[in-house]
Amino acid sequence: MFSLSRRHSAVAVAVACVIAMLPSVALANHSWGGYHWARTSNPFDLKLGDNVSSQWDPILATTSSDWTQSTVLNTSIVAGQAKGKNCRPTAGRVEVCNAAYGNNGWLGLAQIWITGGTHITQGAVKNNDTYFNTAQYNTTAWRNLVMCQEVGHTLGLDHQDETFGNPNLGTCMDYTNDPSTNQHPNQHDYDELEFIYAHLDSSTTVGQIAGPGNGQGNGQGAVHAAPPAMSQIDLDGPGQWGRIVRESKHNALYELDFGNGNKIFTFVIWADEGEE
């Protein structure tokens, strides 16, 4: 007969074995605050508005193909509706842009509009050609990493690792000085998306029914309306991005809070201007 301590040890071993056999989704841990697109079924279809130049088109195509490998969502590239380099968002989708935004310090950024506390209603991705036209960043690898990572943020993903000197994890959601092996999602990213979108909602914020920048969903069920100010503000720089939630040499997260669960988040990748 086992003693009490030996029984406890046996139970611990058994539990450990069960955990080890569970799918890796149970260990997923890089959701961006639990923010997600509301939808009533999986996989859902998310449109990426193409406002990018011909040089960026194959990069956007690669990113869309990569994220569509998820079992819970598909992305499709459609004609962009953003007007000008400010890349104003469109309800129910993500607008993707590139422009020479200037020597302002940021290489790329992603922005999501939240209503009702957790639901993404629209998103925008910006790539700064002022830096991508330099020798350091004008490579397919850097373009793939930044585009993939910023679109990943608009899906609800955070980074897997933010220390540049760590070994590459083989995912675009990992910061690195060498993007060669960090150009695409990895299985952990797909597992995390399964975790984020495991539940279904009674309404949906995916799909456009009204004009750009209104923060509304597509009308299927109750969707929280965003205050008008959320679509009227220009988000050109840190002065309009709100408070800093966290910041390092290479990245930052800003929050602009409009109250009642209505927020705009801005995820920034800083360029390494010292090595250009």
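Residues numbered from 1 in each chain as written. Predicted model: local features only at pLDDT ≥ 70, side-chain atom pairs only at ≥ 80, totals over all residues. Heavy atoms only, no water.

It is worth spelling out the packing of aromatic side chains at this point. Applying the stated rule across the entire model yields 11 aromatic pairs. Look at Trp 32 and Phe 265: their rings are 6.0 Å apart centre to centre, the planes differ by 70°, and that puts the pair in the edge-to-face class. Separated by 233 residues along the polypeptide, Trp 32 in the loop between helix 1 (4-21) and strand 1 (36-37) and Phe 265 in strand 9 (residues 263-270) bring together distant segments of the chain. What makes Trp 32 buried here is its relative accessible area of 3%. Aromatic side chains Trp 67 and Tyr 190 sit 6.3 Å apart centroid to centroid with 75° between the ring planes, which places their arrangement in the edge-to-face category. In this pair, Trp 67 sits in helix 2 (residues 57-68) while Tyr 190 sits in helix 5 (residues 187-196), placing the two residues 123 residues apart along the sequence. One aromatic cluster in this structure is built from Trp 32, Tyr 35, Phe 265 and Phe 267. A cation over an aromatic ring shows up here: Arg 143 above the ring of Trp 56, its NZ or CZ 4.7 Å from the ring centre. (Phe/Tyr/Trp six-rings, centres within 6.5 Å; stacked < 30°, edge-to-face > 60°. Helix = DSSP H or I, 4+ residues; strand = E, 2+ residues; numbered from the N terminus. Buried < 20%, exposed > 50% of the residue type's maximum accessible area, 1.4 Å probe, protein only. Lys NZ or Arg CZ within 6 Å of the ring centre and 35° of its normal.)

So, about the nonpolar core. Among soluble globular proteins, nonpolar side chains are generally buried collectively. Trp 37, Trp 67, Val 96, Leu 107, Met 147, Leu 193 and Tyr 197 are the most contacted members of the largest nonpolar core, which has 46 residues in total. In terms of residue count, helix 4 (residues 140-154) provides more of this core than any other element does, 6 residues in total. When near neighbours in sequence (up to four residues on either side) are disregarded, Tyr 197 contacts His 36, Trp 37, Arg 39, Asn 42, Phe 44, Val 72, Leu 73 and Leu 155. Counting 18 residues, the second largest nonpolar core, distinct from the first, contains Leu 109, Trp 113, Ala 124 and Val 268. (Core = buried A, V, L, I, M, F, W, Y, C linked by side-chain atoms within 4.5 Å. Contact = heavy atoms within 4.5 Å.)

For helix 2, built from 12 residues, the straight-helix expectation of 16 Å at 1.5 Å per residue is met to within 8% by its first-to-last C-alpha distance of 16 Å. Looking only at helix 2, the buried set comprises Ile 59, Leu 60, Thr 63, Ser 64, Asp 66 and Trp 67. Viewed end-on, helix 2 has its buried residues packed into an arc of 160°, placing them on one side of the element. Taken together, the buried residues of helix 2 touch strand 2 (44-51), strand 3 (73-79), strand 4 (94-99), helix 4 and helix 5. (Expected span 1.5 Å × (residues − 1). Arc of directions from axis to C-beta.)

This is a description of form; function is not addressed.
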